[in-house]
Amino acid sequence: MNPSTALARVLVDELARCGLTEAVVAPGSRSTPLALALVAHDGIRVHVRVDERSASFLALGLARASRAPVAVVCTSGTAAANFHPAVMEADESGVPLLVLTADRPPELRGTGANQTTDQIGLYGGAVRMFTEVGTPDPVPGMVAYWRSLAGRAWTSARGGRPGPVHLNVAFRDPLTPDGGEEPSWPESLHGRPDGGPWTARPPRAPEPAPFELPDVERGVIVCGDGDYDPVPFLALSELTGWPLLAEPTSNARRSGAVSTYRQLLASPRFAHEHTPELVVSVGRPNLSRQVLSYLRRAQRHVVVTADEVGDPASRLANAYSDPARTATDVVAAVAPPAGTEHGAPASTGWSHSWQRAENAARAALDAVLDSEEALSEPRLARDLVSHLAPGSLLFAGSSMPIRDLDSTMRARCGVRLLGNRGVSGIDGTVSTAVGAALSHQRSEQGRAFALLGDLAMIHDQNGLLIGPGEPRPDLAVVVVNNDGGGIFSGLEQAGHPDFERVFGTPHGISMERIAAVSDLPYTRLEWAGDLSKALMGEGLRIIEVCTSRAAGADLRRRLQAAVDEALDALP
């Protein structure tokens, strides 16, 4: 067995022993040993994509939905650079990713050899661990090195602060199996005889002692984006009477949460009258300017780290989010104020005030949205979530789709919402949604849907190109097509004379044309009453909703005005 094949087979076998079940491969010559080792392993499902950027975001979606590390493999050169956006997103959003880049051996580097560049530390500080694996040689000690390295990589990817790990693997020719067997090696290539990993990992660290929260009436709980259990924060809200403000991808917008907080906090009078004594935040609360402004008004801001495993000190040092720089306390866990742990649900003037405002705002929003049967972007977001069956997955694109969900989504249980909220880019959105859907359906949890903007679709339409032998998702991709960048219509750039060309970026492309290129079923949806029918079907498919950017901006202003009017009418 040649050295390159031996190294690849040992790495793949050890990663599988650690728990690897999914891998994504982008084709290339130098990565041949890894690709062949992965497809030969019975316990690993392999996905192949031509575009490296799409491949890396597919792996990101698989890992995000499964909460387990996924390997992504590429050849040397620019292929590795195309992984960088997904690595950045995995870093910021805490998604475990095993990035395996093949490389030329040292003797070919810096010589002008074809398809060679400096891949050492390519992703900088965005990875939890980087190792230049080194060239494989048939000498004693190699197997222990490779297997222990694979275990370290796995542990680093899913540790106290999950994220990407980069192994740069240099391969010499020959790159394909030569028919030789293990006896040519000075030691056995096999792992532990019991089938377990080379190095047993310690059990989960004990839960940290919770921080007892102060006993105040005017408290607020903010649940930002993140993969954490929202139930303790919903229970805290019920016990204390503190309103819970939940971004969609926190998956905490359930019964009892304030669904209209975005409009409430945008009302100057309401925000002034509801200055909090205490804010407890968890996850990454960075979706709305209103919440960031509200955090700055808090007398005290307790930030709870959202990671579930690892050393508490490490979590506190590295993993907390404080975008407004208002944190007064950073803790690993919280406990309700003394005397409330086993008490009845709290009912205070503060909680009643928030609930009255929520009821009035919710009625005002729904009345405006329901006044027309034609689908607007905000109504599509609200109705789409309401129509999904329990157990469904919804992947939300960045820019306006996630913000429209935040603005209009009612509180509900049973739907899991995901999005690339780490760096919040639109690149790789389709591929991430495909990966999330594949993982979601592998565990038989239900159907999958995505709500994306037209620019996100155009930016990553390669994510729809799936080879005939590849696993395919049951995924309905709902695309809002307003012929450009709708998010800028509500920002200060909108008044610039060159706005349309530089920020609006009209493209004139119908999603029907993209569906035709990808050979996918296509539906155009115009009326709210037809949404349920449009969502029916199987396999990967596109549903297009054409809207106007100007009309959407005007509707959002009218929604806020309606809420302001409803709040003014309250006693």
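What counts, and at which threshold
Residues numbered from 1 in each chain as written. Predicted model: local features only at pLDDT ≥ 70, side-chain atom pairs only at ≥ 80, totals over all residues. Heavy atoms only, no water. Helix = DSSP H or I, 4+ residues; strand = E, 2+ residues; numbered from the N terminus. Rg over C-alpha atoms; globule rule 2.2 N^0.38 Å. Buried < 20%, exposed > 50% of the residue type's maximum accessible area, 1.4 Å probe, protein only. Contact = heavy atoms within 4.5 Å. Areas by Shrake-Rupley, 256 points an atom, 1.4 Å probe, with all protein chains shown as cover. Lys, Arg positive; Asp, Glu negative; His and termini not counted. Charge placed at Lys NZ, Arg CZ, Asp CG, Glu CD. Phe/Tyr/Trp six-rings, centres within 6.5 Å; stacked < 30°, edge-to-face > 60°. Pairing = 2+ DSSP bridges. Axes fitted to C-alpha atoms, helices over the stretch in contact; angles between N-to-C directions. Right-handed = clockwise from strand over helix to strand, strands pointing away. Disulfide = S-S within 2.5 Å. Parallel < 35°, antiparallel > 145°, perpendicular 65-115°, else oblique. Left-handed = near helix turned anticlockwise from the far one by under 90°. Nonpolar A, V, L, I, M, F, W, Y, C, P; charged D, E, K, R; others polar.

**Regarding the overall build of the protein chain**
For the protein chain, the count of helices and strands is 20 helices and 19 strands. The C-alpha radius of gyration of the protein chain comes to 25 Å, within 12% of the 25 Å expected for a compact globule of 571 residues. For the protein chain, the spread of C-alpha atoms along the principal axes amounts to about 85 × 60 × 45 Å. Across the 571 residues that make up the protein chain, the buried fraction comes to 54%. Expressed as a percentage of contacts within the protein chain between residues at least 6 apart in sequence, the contacts between residues at least 24 apart total 77%. Looking at the protein chain as shown, the accessible area adds up to about 22900 Å², and 53% of this sits on carbon and sulfur atoms. Taking the 52 positively charged and 66 negatively charged side chains of the protein chain as two groups, their mean positions are separated by 1 Å.

**Comments concerning the packing of aromatic side chains**
Summed over all chains, the structure comprises five aromatic pairs. Between Phe 270 and Trp 354, the ring centres sit 5.0 Å apart and the planes meet at 90°, which makes this aromatic pair edge-to-face. Here Phe 270, found in helix H9 (residues 268-273), pairs with Trp 354, found in helix H12 (residues 349-369); they are 84 residues apart in sequence, far enough to count as distant. Grouping residues by exposure puts Phe 270 and Trp 354 together as buried.

**Re the sheet that holds strand S8 (residues 219-223)**
Strand order in the open sheet made by the five strands is S9-S8-S10-S11-S12, with parallel pairing throughout. Each end of this open sheet is capped by a strand with a single partner; those strands are strand S9 (244-246) and strand S12 (329-331). For this sheet, the mean angle separating the axes of adjacent strands, direction not counted, is 20°. Here three bridges tie strand S11 (residues 300-304) to S12, and the two strands are oriented parallel to one another. Bridging from a neighbouring strand, Val 303 pairs with Val 330 of S12. Together, S8, S9, strand S10 (278-282) and S11 form the strand contacts of helix H7 (residues 231-240), whose direction differs from that of S8 by roughly 160°.

**Digging into the pairing of strand S17 (residues 475-481)**
The buried count for S17 comes to seven of seven residues, which makes it a mostly enclosed element. Residues of S17 alternate between two faces, with Leu 475, Val 477, Val 479 and Asn 481 on one and Ala 476, Val 478 and Val 480 on the opposite face, all of them buried. Bridge count between strand S16 (residues 448-453) and S17: six bridges; the pairing is parallel. Within the sheet, the bridge partner assigned to Ala 450 lies in S17 and is Val 477. At this point the chain moves from S16, through helix H16 (residues 454-459), to the parallel S17, and the crossover so formed is right-handed. The pairing of S17 with strand S19 (residues 541-546) spans six bridges and is classified as parallel. Opposite Val 480, over in S19, you have Val 545 as the bridge partner.

**Details of the state of the cysteines**
Scanning all chains against the criterion turns up zero disulfides. Free of any disulfide, Cys 223 has its nearest cysteine sulfur in Cys 413, 13 Å distant.

**Re the packing of H12 against helix H20 (residues 549-568)**
Following both chains from N to C, one finds H12 and H20 inclined at 140°, their axes separated by 8 Å at the closest point. Considering their axes alone, H12 and H20 lie oblique with respect to each other. The two elements H12 and H20 meet at a crossing, and its hand is right-handed. Along its contact with H12, which presents Ala 357, Ala 360, Ala 361, Ala 364, Leu 365, Val 368 and Leu 369, the element H20 presents Leu 555, Arg 558, Leu 559, Ala 562, Val 563, Ala 566 and Leu 567. In terms of residue class, the contact of H12 with H20 is built from 13 nonpolar, no polar and one charged.

**Observations regarding the sheet that holds strand S1 (residues 22-25)**
Strand order in this open sheet of six strands is S2-S1-S3-S4-S6-S5, and the pairing throughout is parallel. Both edges of this open sheet fall to strand S2 (45-48) and strand S5 (129-132), since each of them pairs with a single strand only. Strand-to-strand twist across the sheet, computed as the mean angle between neighbouring axes with direction ignored, equals 15°. Where S1 and S2 come together, four bridges link them in parallel fashion. Each residue of the ladder has a partner; that of Glu 22, found in S2, is Arg 45. Strands in contact with helix H3 (residues 52-66) are S1, S2, strand S3 (70-74) and strand S4 (97-103); relative to S3, the strand with the most contacts, it is inclined by about 170°.

Everything listed here is a matter of geometry and, on its own, says nothing about what the molecule does.
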